[in-house]
Amino acid sequence: GESVGLHLPTLSVQEGDNSIINCAYSNSASDYFIWYKQESGKGPQFIIDIRSNMDKRQGQRVTVLLNKTVKHLSLQIAATQPGDSAVYFCAVFDNTNAGKSTFGDGTTLTVKP
Amino acid sequence: IAGITQAPTSQILAAGRRMTLRCTQDMRHNAMYWYRQDLGLGLRLIHYSNTAGTTGKGEVPDGYSVSRANTDDFPLTLASAVPSQTSVYFCASSGQRGDTQYFGPGTRLTVL
């Protein structure tokens, strides 16, 4: 089955710096990817998604990059703010397998003022 | 628009008791899901429903049951709770299975 892992369980950055959170997946049939943000005591919140026919997608201060060759996904947060402190995890979907989804464990981002 | 609501917010339960966690969405989504989230582990799928009237087993279904009598509601029942079911439970929904999933605020359950 699919396995999804994040490269670092924790990441600490200075306010104003850029943050990069990485995710690796194993199933080459995976075709849809989502990054979620989860603040303490709350449910996961959708940030940005990307489909396998793209390799980059930008939102407000966030960019997702997809490298299907090495099965790697990253989330870039520009000008990180204290409000960005949270757990971030990726979700990987295989729509060739009835939309089966696998979630990574999460990277805890701490933003130092 | 509330999105997805879950109840209760938290619950302490004696082992062996029956418990139903409630989940309601107002987005008219076809697919709904129940996950548990444990420290150090990613979200693990318990049960899902692709559409009203159908349900399916996820990764960790044992000890749990679900029903989907209508589009909006997807309750999760623990027939006889055990301490290993102590966890935070999240309900989610998506337009269709495989679409973006939107999550509820979670229920923190402690089984003693």
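Here is what the cut-offs are and how they apply
Residues numbered from 1 in each chain as written. Chains lettered and ligands numbered in written order. Predicted model: local features only at pLDDT ≥ 70, side-chain atom pairs only at ≥ 80, totals over all residues. Heavy atoms only, no water. Core = buried A, V, L, I, M, F, W, Y, C linked by side-chain atoms within 4.5 Å. Buried < 20%, exposed > 50% of the residue type's maximum accessible area, 1.4 Å probe, protein only. Helix = DSSP H or I, 4+ residues; strand = E, 2+ residues; numbered from the N terminus. Contact = heavy atoms within 4.5 Å. Salt bridge = Lys/Arg side-chain N within 4 Å of Asp/Glu carboxyl O. Buried area = accessible area lost by both parts, 1.4 Å probe. Polar contact = N/O pair within 3.5 Å; in protein donor to acceptor, adjacent residues only side chain to side chain. Nonpolar A, V, L, I, M, F, W, Y, C, P; charged D, E, K, R; others polar.

Trainee: Give me the lowdown on the nonpolar core, citing residues and values where you can.
Mentor: Residue and element names in this part refer to chain A. In terms of nonpolar packing, the biggest core is built from 22 residues, with Phe-33, Trp-35, Leu-73, Leu-75, Tyr-88 and Leu-109 touching the most fellow members. Residue assignment for this core shows that the elements contributing at least two residues are strand E2 (10-14), strand E3 (19-25), strand E4 (32-38), strand E5 (45-51), strand E7 (62-67), strand E8 (72-77), strand E9 (86-94) and strand E11 (107-112). At four residues, the largest contribution of residues to this core is made by E9. Those residues in contact with Leu-73, other than ones at most four positions away along the chain, are Ile-21, Asn-22, Cys-23, Phe-33, Trp-35, Ile-50, Val-64, Leu-65, Leu-66 and Cys-90.

Trainee: Give me the pattern of salt bridges: which residues, what numbers.
Mentor: Residue and element names in this part refer to chain B. Following the criterion strictly, the structure yields six salt bridges over all chains and no others. Linking Arg-36 and Asp-38 is a salt bridge whose minimum nitrogen-to-oxygen distance equals 2.9 Å. Each member of the pair, Arg-36 as well as Asp-38, is classed as buried. Put simply, Arg-44 and Asp-38 hold a salt bridge, and the shortest N to O gap is 2.8 Å. Taking the relative accessible area as the measure of exposure, Asp-38 reaches 15% and is therefore buried. What emerges from the salt-bridge pattern is a single network uniting Arg-36, Asp-38 and Arg-44.

Trainee: Tell me what's going on with the interface of chain A and chain B, and back it up with residues and numbers.
Mentor: Residue-level contacts link 20 residues of chain A with 16 residues of chain B. Here chain A and chain B share an interface that buries about 1,300 Å² over both sides, 50% of which is from carbon and sulfur atoms. There are zero salt bridges connecting chain A and chain B. For the pair chain A and chain B, the interface holds five residue pairs in polar contact (both at pLDDT 80 or more). Only E4, E5, E9 and strand E10 (100-103) of chain A provide two or more residues apiece to the side of chain A that touches chain B. Counted by class, the side of chain A that touches chain B contains nine nonpolar, seven polar and four charged residues.

So yeah, pure geometry; function would need other evidence.
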